[in-house]
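# Descriptive structure summary
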Amino acid sequence: MDEEIQLISDGDGLAVIGDPTTVEHFLASEGLPSKDLGLQRLGSALNTGAAVAQAGSEIAANSGRWVKLTKESAQAINKYGLRESKKSGLSTGVLKGNKGQIKGFVEFAKRPGSLLSNPAILAGAAGIMAQVAMQQTMDEITNYLATIDEKVDDVLRAQKDAVLARMIGVGLVIEESMTIREKRGRVDEVTWSKVQTAPTTIAETQAYALRQLDAVTEKLERNTKVGDLAKAAKEAETRGREWLAVLARCFQLQDAIAVLELDRVLDVSPEELDGHRLGLKAARQSRLGLIARSTEHLMARMGTAVGTANTKVLLHPSKAPAVVQSSNHVSMAIVEFHERLGIEGARQSSEARRWADAAKEVRDKALETGVDRVDSAKRLGNESFDRARSATGKLSNRIADKALRRHGDEEA
């Protein structure tokens, strides 16, 4: 008996839908880790009609798994050549096999009732995929915040700062709404009304945190003396890490709002779900770009500070390496931050020129110069000695000749 699985990719993740055993075998054969897609939640997107009803029964019978698209998992899937839709931004296809073994690729599902041939179901599946992807990022940020020292926790809980205080309050409301959603399986009007104004507060906090991070960068730009750079770099190391945590929390809450928003649209206007998903995705990418530019600017400025410090390491044997150390700590913090949020970038790490290495370089040059001078002195000494000996010999000969002539005159 032929079996098939249906694939949907939105560029961030891959949905694998089909018979549970076939799906399991496929994922195992490709070495792809996955998590439950929660496909059954599409029930609220179904309306009337025989074709839709058939798709609904198919949803009930099938398993849906979600795979995060990484470089490795994307390579494993690309070989199947999914067809991309410019309108939805989704790539879809069907793989067929026998007894759980997938053997070939079928371009698109034509039969009635197929999930991929039903626009409403396809849009709903894509919406759930976006939610799962954002929840994955939210979990990553939770782990990230848990690894940061207690000073960051102090910043996040600093009631003296009105902006952060409002963000903390909004965060509690959003977490409550996510809990209700998890229990009820949907976002009703009451739950949604609690968080409707949250995006404004979170955006204000994000803007505030970005300004604080830019202020740290500006201090580095204003200072050129190594002593001042060392102080500014140390502040960038401590304060920068704290504001990165605030930005991460803002991003986490924005993703949570988007998850709730997609559920609300799915419940109220499922026909608008696809367009809303694409709009949220574009807004999310815009936020990532804004955060990336600010953090990369800080990394670049730290790199410039390192270059300045390394040229003056001999004059400042303790402060210059401290600048480099702080720079490396900031770079590692930003790289980890980027990884948690899904921002692609390369780590910028610098190596301090140890004072001993720099001193050795100068010493070697001095010794080399000294040896040359000694050799020159030796050569000069030898030449002088030879000239002196030659002159002494000539003088002795003249004296001897003169003495002999005088002796001869006396005898005559």
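Remember, predicted model here, so these are calculated numbers, not experimental data. (Residues numbered from 1 in each chain as written. Predicted model: local features only at pLDDT ≥ 70, side-chain atom pairs only at ≥ 80, totals over all residues. Heavy atoms only, no water.)

### Section: the overall build of the protein chain
Rules: Note on conventions: DSSP H or I runs of at least 4 residues are helices, E runs of at least 2 residues are strands, and numbering of each starts at the N terminus. Burial here depends on accessible area, computed with a 1.4 Å probe over protein chains only, as a share of the maximum for the residue type. Under 20% is buried, over 50% is exposed, and the range in between is partly exposed. Contacts are assigned to residue pairs with any non-hydrogen atoms lying within 4.5 Å of each other.
Along the protein chain, the regular secondary structure elements total twelve helices and seven strands. Counting every position in the protein chain, which comprises 412 residues, the buried fraction comes to 44%. The contacts in the protein chain between residues at least 6 apart in sequence include a share of 76% that link residues at least 24 apart.

### Observations concerning empty space enclosed by the protein
The criterion, for reference: A cavity, in this analysis, means grid points on a 1 Å lattice covering only the protein atoms where a 1.4 Å probe fits yet has no way out; a pocket is instead an open set bounded by protein on both sides within 12 Å along at least five of seven lines, and a residue lines either one if it has an atom within 4 Å of a point. Grid points are joined across faces, edges and corners, and a volume is the space filled by probe spheres set on the points. Here the nonpolar group is Ala, Val, Leu, Ile, Met, Phe, Trp, Tyr, Cys and Pro; Asp, Glu, Lys and Arg are the charged ones; every other residue, Gly included, is treated as polar.
A full pass over the atoms with the stated rule returns one cavity of 30 Å³ or more. Approximately 40 Å³ is the volume found for the largest cavity. What lines the largest cavity is Arg41, Gly124, Gly127, Ile128, Gln131, Leu262, Asp263, Leu266 and Leu273. Counting only elements with at least two residues in the lining of the largest cavity, the list comes to helix H4 (119–147) and helix H9 (226–268). Among the elements that take part in the lining of the largest cavity, H4 stands out by supplying four residues, more than any other. Residue composition of the lining of the largest cavity, by class: four nonpolar, three polar and two charged.

### Brief notes about the packing of aromatic side chains
Rule in force here: Pairing of aromatic side chains requires ring centres within 6.5 Å, counting the rings of Phe and Tyr and the six-membered ring of Trp. Pairs whose planes differ by under 30 degrees are stacked, by over 60 edge-to-face, and all others tilted.
Scanning the entire structure with this criterion turns up two aromatic pairs. Centroid distance tyrosine 208 to tryptophan 243: 5.7 Å. Interplanar angle 75°. Geometry classified as edge-to-face. Of this pair, tyrosine 208 sits in helix H8 (residues 198–222) while tryptophan 243 sits in helix H9, and the two are 35 residues apart along the sequence. For the pair formed by tyrosine 208 and tryptophan 243, the shared burial category is buried.

### Side note on the environment of isoleucine 5
Among the structural elements, isoleucine 5 can be located in strand S1 (residues 2–9). C-alpha separation for the pair isoleucine 5 and isoleucine 17, spaced twelve residues apart in sequence, amounts to 5.5 Å.

### Re the layout of surface pockets
By volume, the largest pocket amounts to about 910 Å³. Lining the largest pocket we find 35 residues, and of these Asp12, Arg284, Leu341, Gly342 and Ile343 sit closest to its centre.

### Quick notes on helix H3 (residues 71–78)
How we decide: By construction, the arc corresponds to the directions joining the helix axis to the C-beta atoms.
Among the residues of H3, those classed as buried are Ser73, Ala76 and Ile77. Looking straight down H3, one finds that the buried residues subtend no more than 95° of arc, so they occupy a single side. Exposed residues on H3 whose side chains face more than 90 degrees from its buried face are Lys71, Gln75 and Asn78. On the buried face of H3, the contacting elements are strand S2 (13–18), helix H1 (20–30) and strand S4 (63–68).

### Brief notes about the environment of lysine 79
For the record, the criterion: In protein, a polar contact requires one atom able to donate a hydrogen and another able to accept it; more generally it is a pair of N or O atoms within 3.5 Å, and residues adjacent in sequence count only if both atoms are side-chain atoms.
Along the chain, lysine 79 falls in the loop between H3 and strand S5 (83–84). Take lysine 79: its relative accessible area is 55%, and that puts it in the exposed class. A polar contact of 3.2 Å, which involves the side chain of lysine 79, links it to the side chain of glutamate 30.

### Comments concerning the packing of helix H10 (residues 273–311) against helix H11 (residues 319–341)
Note the threshold: Helix axes use the C-alpha atoms of the stretch in contact, all axes being lines fitted to C-alpha atoms, and the angles between their N-to-C directions lie in the range 0 to 180 degrees. Note that the term roughly parallel is reserved for angles under 35 degrees, roughly antiparallel for angles over 145, roughly perpendicular for angles of 65 to 115, and oblique for everything else. Take the far helix as the reference: if the near one is turned anticlockwise from it by less than a right angle, the crossing is left-handed, and if turned clockwise, right-handed.
Packing of H10 against H11 leaves a shortest axis separation of 9 Å and a crossing angle of 160°. By the angle between their axes, H10 is roughly antiparallel relative to H11. Every pair of crossing elements has a handedness; the one defined by H10 and H11 is left-handed.

### What about the pattern of salt bridges?
Counted only if it meets this: Note on definitions: salt bridges are taken to be side-chain nitrogens of Lys or Arg within 4 Å of carboxyl oxygens of Asp or Glu.
Within this structure, the stated rule accounts for 16 salt bridges. The closest approach of N and O atoms between lysine 194 and glutamate 176, which form a salt bridge, is 3.0 Å. Of this pair, lysine 194 sits in helix H7 (residues 189–195) while glutamate 176 sits in helix H6 (residues 162–184), and the two are 18 residues apart along the sequence. Residue classification places lysine 194 among the partly exposed residues on the basis of a relative accessible area of 37%. A salt bridge links lysine 219 to glutamate 235; the shortest N-O distance between them is 3.0 Å. Placement of lysine 219 in helix H8 and of glutamate 235 in helix H9 is noted, with a sequence separation of 16 residues between them.

### Topic: the confidence of the model for the protein chain
Convention followed: What pLDDT conveys is the predictor's confidence in a given residue, as a value from 0 to 100.
Of all residues in the protein chain, 70% have pLDDT values of 70 or greater, and the mean over the chain is 78. Low pLDDT, under 50, characterises residues 105–113; the predicted model gives this stretch 29 contacts beyond four residues in sequence or across chains.

### Regarding the packing of H6 against H8
Angle between the axes and distance between the axes are the two parameters that describe a pair of packed helices. Across the interface, H6 lies against H8 with an axial gap of 9 Å and an inter-helix angle of 140°. When the interaxial angle is binned, H6 and H8 end up oblique. For the pair H6 and H8, the crossing hand works out as left-handed. Between H6 and H8, the contacting residues are Val163, Leu164, Arg166, Met167, Val170 and Ile174 on the first element and Ala198, Thr201, Ile202, Glu204, Thr205 and Tyr208 on the second.

### A look at the nonpolar core
Defined as follows: In plain words, nonpolar cores are sets of buried Ala, Val, Leu, Ile, Met, Phe, Trp, Tyr and Cys residues tied together by side-chain atoms within 4.5 Å.
Membership of the largest hydrophobic core comes to 66 residues, with the highest contact counts inside it found for Ile174, Ile202, Leu220, Leu298, Phe337 and Leu341. If you list the elements that add at least two residues to this core, you get H4, H6, H7, H8, H9, H10 and H11. When residues of this core are assigned to their parent elements, the largest contribution, 23 residues, is made by H9. Not counting residues up to four positions away in its chain, the partners in contact with leucine 220 are Leu229, Ala232, Ala233, Ala236, Leu298, Arg301 and Met302. Ranked by size, the runner-up nonpolar core spans 19 residues in total, among them Val94, Leu122, Ile128 and Val132.

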